[in-house]
Amino acid sequence: MSLLEIKNLNVRFGDKNAVPVVDGLDITVDKGEVLAIVGESGSGKSVTMMALMGLIEHPGIVTADALNFDGKNMLKLSNRQRRQIVGKDLAMVFQDPMTALNPSYTVGFQIEEVLRLHLKMSGKQARARAIELLEKVEIPGAASRMNAYPHQLSGGMSQRVAIAMAIAGEPKLLIADEPTTALDVTIQAQIMDLLLALQKEQNMGLVLITHDLAVVAETAQRVCVMYAGQAVEVGQVPQLFDIPAHPYSEALLKAIPEHSLGAARLSTLPGIVPGRYDRPQGCLLSPRCPYVQENCRTQRPALDPKSHSLARCFYPLNQEVA
Amino acid sequence: MTTLTTPVAVDQSLLYPSPYKEFWHAFSRNKGAVAGLMFMLLVIFCAIFAPWVAPHNPSEQYRDFLLTPPAWLEGGQIQFLLGTDELGRDLLSRLINGSRLSLLIGLSSVVMSLIPGILMGLFAGFFPRILGPTIMRLMDIMLALPSLLLAVAIVAILGPGLINTIIAIAVVSLPSYVRLTRAAVMGELNRDYVTAARLAGAGLPRLMFVTVLPNCMAPLIVQATLSFSSAILDAAALGFLGLGVQPPTPEWGTMLASARDYIERAWWVVSLPGLTILLSVLAINLMGDGLRDALDPKLKNAA
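Just so it is clear, the model here is predicted, and its values are computed rather than measured. (Residues numbered from 1 in each chain as written. Chains lettered and ligands numbered in written order. Predicted model: local features only at pLDDT ≥ 70, side-chain atom pairs only at ≥ 80, totals over all residues.)

Moving on: the overall build of chain A. Check the secondary structure of chain A and you find 11 helices and 13 strands. Principal-axis analysis of the C-alpha atoms places the extent of chain A at approximately 70 × 50 × 35 Å. Taken across its 322 residues, chain A has 46% of its residues classed as buried. (Helix = DSSP H or I, 4+ residues; strand = E, 2+ residues; numbered from the N terminus. Buried ≥ 20, exposed ≤ 12 C-beta atoms within 10 Å, placed from the backbone.)

Listed below in C-alpha cells is the structure:
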C-alpha cells in the first residue's frame, strides 16, 4: 500500500460552486519514493499539500474520495489526532527560510521543542539529539549554533535548520515546498543534495514541489505536472522529459532557457493560467495550446493512460515512439 | 617543510554580541534617550527613597512661612529650597512625594491596560471572523471619544480617588494596545514559522502566547513607555480638574490646581509642579523614542 494516497482531491475557496483551486487530483507516493510536482505559479501545488495537512482554513473547502497517509484517513482525524501525526510522520520544509523560523527563539530551542513534543525526550537528551541533527544537516560548529537566533544565520543556514527541524521526528513523508527558490544557485545545489541524502538514508517519501525542472530531472522518480489545479501529466522521469505526452509538459520543457540556445527569443507559452472568471469550457489549456483542435474547446479530456504516462489530452504528443 | 596550521576552534556563540549589549549599544547612541533615562532614574530614586530624600513632611504646615519664595530669590529661606505653598508646606518635599504617586499611577495604569489590551488584541487577531471585528468596533467607539473626556466620564461615574483615576486612565489607553497587538499578530500569522508551528502540532494557546506573542512585543514595549507619560499627564489633568487624587495628598496635578489662585503673587507654586510634569513627560518620551529606535530593526542604522 502506498504511503500517501490522494484520490479525487478538490479544494475550493468560497461556496460549493466556486471554481476549484485543486480539481480532481490523484497522487500516490510510496515509501522511499521521490515525487516531484511541477507547474507554474497558481496551479495548486502548495494548496494540495496544505489540504493534506489540514491547514486549509475557512473559507476553504476540502473534499476527497481518499486522503490517506500511512493507512489513516487524514480527513476523518480530529485536530488532536492530526497534530500527533503532522510534524512527526509528516513534515514540511518551506520556501522562504527567513520566515520559517521563529525570530524570538534560538535555533536549538526550536529543534528541541519538536523533540520534546513528538519524541517525548528529556532536556539533556533533546539537546544532544538537536546537536546531532544540526550536524546531520552539515552545519559547521553545530553545538555553538544551538544558541544562535535565526537572524544571525544566513538563508542557506536557516534552510538547513528548517530541514533539521523537519526531520527531527523522523518523518515517513517529507514535503519540500520550493525549498531552494529563495536561495542562490550554489546553495540550492547543496540543499538539494542534502535533502536527497537524507531521503535515501531514512528511506522517506519525498514530495518535491518546484519550478526547477533541472532539479526534477536529476532527483525525482516520478513527476506530476499540474496546470490550473489539475494534474495534466503524470509519468516516470526520463520518459516525461524525453517524450512528453501533454502539450503543456512540452511547453514547460521548451521554456528552459538552455533549450533555446542560439534563438533570438526564448520559447514561451503565450497567455496566462485561466483565473476564476475566464475558465474555458473545454480543456483548460485550450486557449494557449499550440495544437488545439475543435473538440478541445468544448470537451474536457480526462487523465487517461497514454503510451508512456497518464496525460489529460485528446491529442497526446510523441505517441508513435515505441 | 610544511607547517601544519591547526584550525583554532572558535566558539561561535562568543562572537555574537549578547542581546542586552546589542540593545544598549543602539540605545546609547541616542543622546536624548540617555538624558531621559538619567532624569527618570532620578525621579525613580526620589520616589523610592522619598521619606529620606525629602527635607520635610509633605503635609506639615509651617504657618510662619506661607508662600516663601525659593531659596535663591529675595526673601527665600534655605530650609525651604523651592519655597512653600499657600499653607506653608515645603514645595520640594511635596514634589518628591508627588513623584511616588505619579509613578504609581503611570505604572499601574499601564499594567492594567497592557494585560487586557494584549489579550484582546491576540484574540482579535486570531479570530478574524466574529470576535475580532466585535472587539475592534468596540475599540473604535472608545477611540472616537476624546480620551480626557472619556476619563472624566469614567471618574464621574466611579467617583474621584486614586484607584478610580488609575482605572479611568487604563480604560482610556486600552484601544491603542489592542490595535497594536492585533496588527502585529496579523502580520506575524502570515509567516511560515507560524504554519510550521501548527504543523509541528502546536495548539491554539501555545500558538498565541509562545509562538506569536513574543514577536509582537517590540511595538508594545514602546507604546507602554509612551503611554506611561500620557498616563502621568492624564493623572495631572484629572487632578487639576479636581477629579483625581484628593488633597492634601501631594499630587502634581492637584498641586497645580490648588495653587492657581496665587499665579500672580507666587509664580513658583504653580510653575514648579508644572515644570516637573513637563520634564518627566519629556524624559519618558525621549526614552520611548530611544527604545523604539533600539528595538525596531527597521529603524536601526537608519538614523
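The helix and strand tally for chain B stands at 13 helices and zero strands. Counting from the amino terminus, chain B carries its helices and strands in the arrangement α-α-α-α-α-α-α-α-α-α-α-α-α. Taken over the C-alpha trace, chain B has a radius of gyration of 25 Å; the compact-globule value for 303 residues is 19 Å, which it surpasses by more than 25%. In terms of its C-alpha atoms, chain B occupies a principal-axis envelope of roughly 90 × 70 × 30 Å. Here chain B holds 303 residues, and 43% of them are scored as buried. (Rg over C-alpha atoms; globule rule 2.2 N^0.38 Å.)

With that out of the way, let us pick up the pairing of strand β10 (residues 222–227) of chain A. Regular strands have side chains that alternate between both faces of the sheet. Residue and element names in this part refer to chain A. In terms of burial, β10 is largely enclosed, as six of its six residues are buried. Side-chain alternation along β10 places Arg222, Cys224 and Met226 on one buried face and Val223, Val225 and Tyr227 on a second face that is also buried. Inspection of the sheet shows strand β3 (residues 34–38) paired to β10 by four bridges, in the parallel sense. Residue pairing across strands places Val38 opposite Val225, the latter belonging to β10. Where β10 lies against strand β11 (residues 230–236), six bridges are found, and the strand directions are antiparallel. Bridge pairing in β11 places Met226 opposite Ala231. Between the end of β10 and the start of β11, which pair antiparallel, lie two residues, with Ala228 showing a positive phi angle near 50°. (Pairing = 2+ DSSP bridges.)

For β3 of chain A, a buried count of five out of five residues is recorded, marking the element as mostly surrounded by other parts of the structure. Both faces of β3 of chain A are covered, namely the face carrying Val34, Ala36 and Val38 of chain A and the face carrying Leu35 and Ile37 of chain A.

This part is about the interface of chain A and chain B. Between chain A and chain B, the contact holds 24 residues from the first and 16 residues from the second. Listing elements by their share of the side of chain A that touches chain B, those giving two or more residues are α2 (79–85), α3 (97–100), α4 (107–118) and α6 (142–145) of chain A. Ranked by the residues each element gives to the side of chain A that touches chain B, the list is headed by α4 of chain A, at three residues. (Contact = placed C-beta atoms within 7 Å.)

Attention now moves to unusual backbone geometry. Excluding glycine, most residues fall at negative phi; most peptide bonds, likewise, are trans. Residue and element names in this part refer to chain A. Even without being glycine, Asn8 reaches a positive phi, approximately 50°. Relative to the helices and strands, Asn8 is located in strand β1 (residues 4–13). You can call Asn8 partly exposed: it has 13 C-beta atoms within 10 Å. Backbone geometry places Ala228, a non-glycine residue, at a positive phi of 50°. Here Ala228 lies in the loop between β10 and β11.

Let's shift gears to the UniProt feature "domain: ABC transporter" (unreviewed entry) in chain A. UniProt annotation of "domain: ABC transporter" (unreviewed entry) refers to residues 6–253 of chain A when read in the numbering used here. Secondary structure content for residues 6–253 of chain A is 40% helix and 25% strand, and the end C-alpha separation is 26 Å. (UniProt positions renumbered as here; feature names shortened; annotations may be inferred.)

For the rest of this paragraph, the subject is the nonpolar core. Counting residues in hydrophobic clusters, the biggest one holds 170 residues, and the most contacted among them are Ala164, Leu173, Leu174 and Val225 of chain A. The biggest single contributor to this core is helix α5 (residues 91–126) of chain B, with 13 residues. Setting aside its immediate chain neighbours within four residues, Val225 of chain A contacts Val38, Gly39, Ala231, Val232, Glu233, His246, Tyr248, Ser249 and Leu252 of chain A. (Core = buried A, V, L, I, M, F, W, Y, C linked by C-beta atoms within 7 Å.)

The subject of this paragraph is the confidence of the model for chain B. All names here are of chain B. Overall, the prediction assigns chain B a mean pLDDT of 83, with 92% of residues at 70 or greater. Per-element confidence in chain B is highest for helix α6 (residues 131–144), whose mean pLDDT is 92, and lowest for helix α1 (residues 12–15), whose mean pLDDT is 56. This prediction of the complex comes with two scores: 0.73 for pTM and 0.70 for ipTM. (pLDDT = per-residue confidence, 0-100.)

Our next topic: the packing of helix α2 (residues 19–28) of chain B against helix α13 (residues 267–295) of chain B. All names here are of chain B. Contact geometry of α2 with α13 gives a least axis separation of 8 Å together with a crossing angle of 130°. In terms of orientation, α2 lies oblique with respect to α13. Here α2 runs over α13; the crossing is right-handed. Across the interface between the two elements, Phe23, Ala26 and Phe27 of α2 pack against Gly290, Asp293 and Ala294 of α13. Partitioning the contact of α2 with α13 into residue classes produces four nonpolar, one polar and one charged. (Axes fitted to C-alpha atoms, helices over the stretch in contact; angles between N-to-C directions. Parallel < 35°, antiparallel > 145°, perpendicular 65-115°, else oblique. Left-handed = near helix turned anticlockwise from the far one by under 90°. Nonpolar A, V, L, I, M, F, W, Y, C, P; charged D, E, K, R; others polar.)

Right, let's talk about the environment of Ala168 of chain B for a bit. All names here are of chain B. For Ala168, the location among the structural elements is in helix α8 (residues 162–189). Between the C-alpha atoms of Ala168 and Ile154, which are 14 residues apart in sequence, the distance is 5.7 Å. Leave out the neighbours within four places in its chain, and Ala168 touches Ala151, Ile154 and Val155.

Residues and elements named next belong to chain B. At a minimum axis separation of 11 Å, α5 and α13 run at an interaxial angle of 35°. Along this stretch, α5 crosses α13, giving a crossing that reads as right-handed. Listed contacts from α13 to Leu91, Leu95 and Ser102 of α5 are Trp268, Val269, Leu272, Pro273, Thr276 and Ser280. The residue inventory of the contact of α5 with α13, partitioned by class, reads six nonpolar, three polar and no charged.

The subject of this paragraph is the environment of Ala235 of chain B. Residue and element names in this part refer to chain B. By the secondary structure assignment, Ala235 is in helix α11 (residues 217–240). Between the alpha carbons of Ala235 and Cys46 there is a distance of 19 Å; along the sequence they are 189 residues apart. Excluding its chain neighbours within four sequence positions, the residues that come into contact with Ala235 are Ser102, Ile105, Thr165, Ile169, Gly244 and Gly253.

Residues and elements named next belong to chain A. Pairing is mixed across the open sheet formed by eight strands, whose spatial order is β7-β8-β9-β3-β10-β11-β13-β12. The open sheet terminates on both sides in strands that have one partner only, identified here as β7 (90–93) and β12 (304–305). As defined by bridge partners, strand β8 (residues 173–177) adjoins strand β9 (residues 205–210) across five bridges and the pair is classed as parallel. Residue Leu174 lies in a different strand from β9, and its bridge partner there is Leu206. Sitting on the sheet, helix α11 (residues 247–254) is in contact with β3, β10 and β11, with an inclination near 100° to β10.

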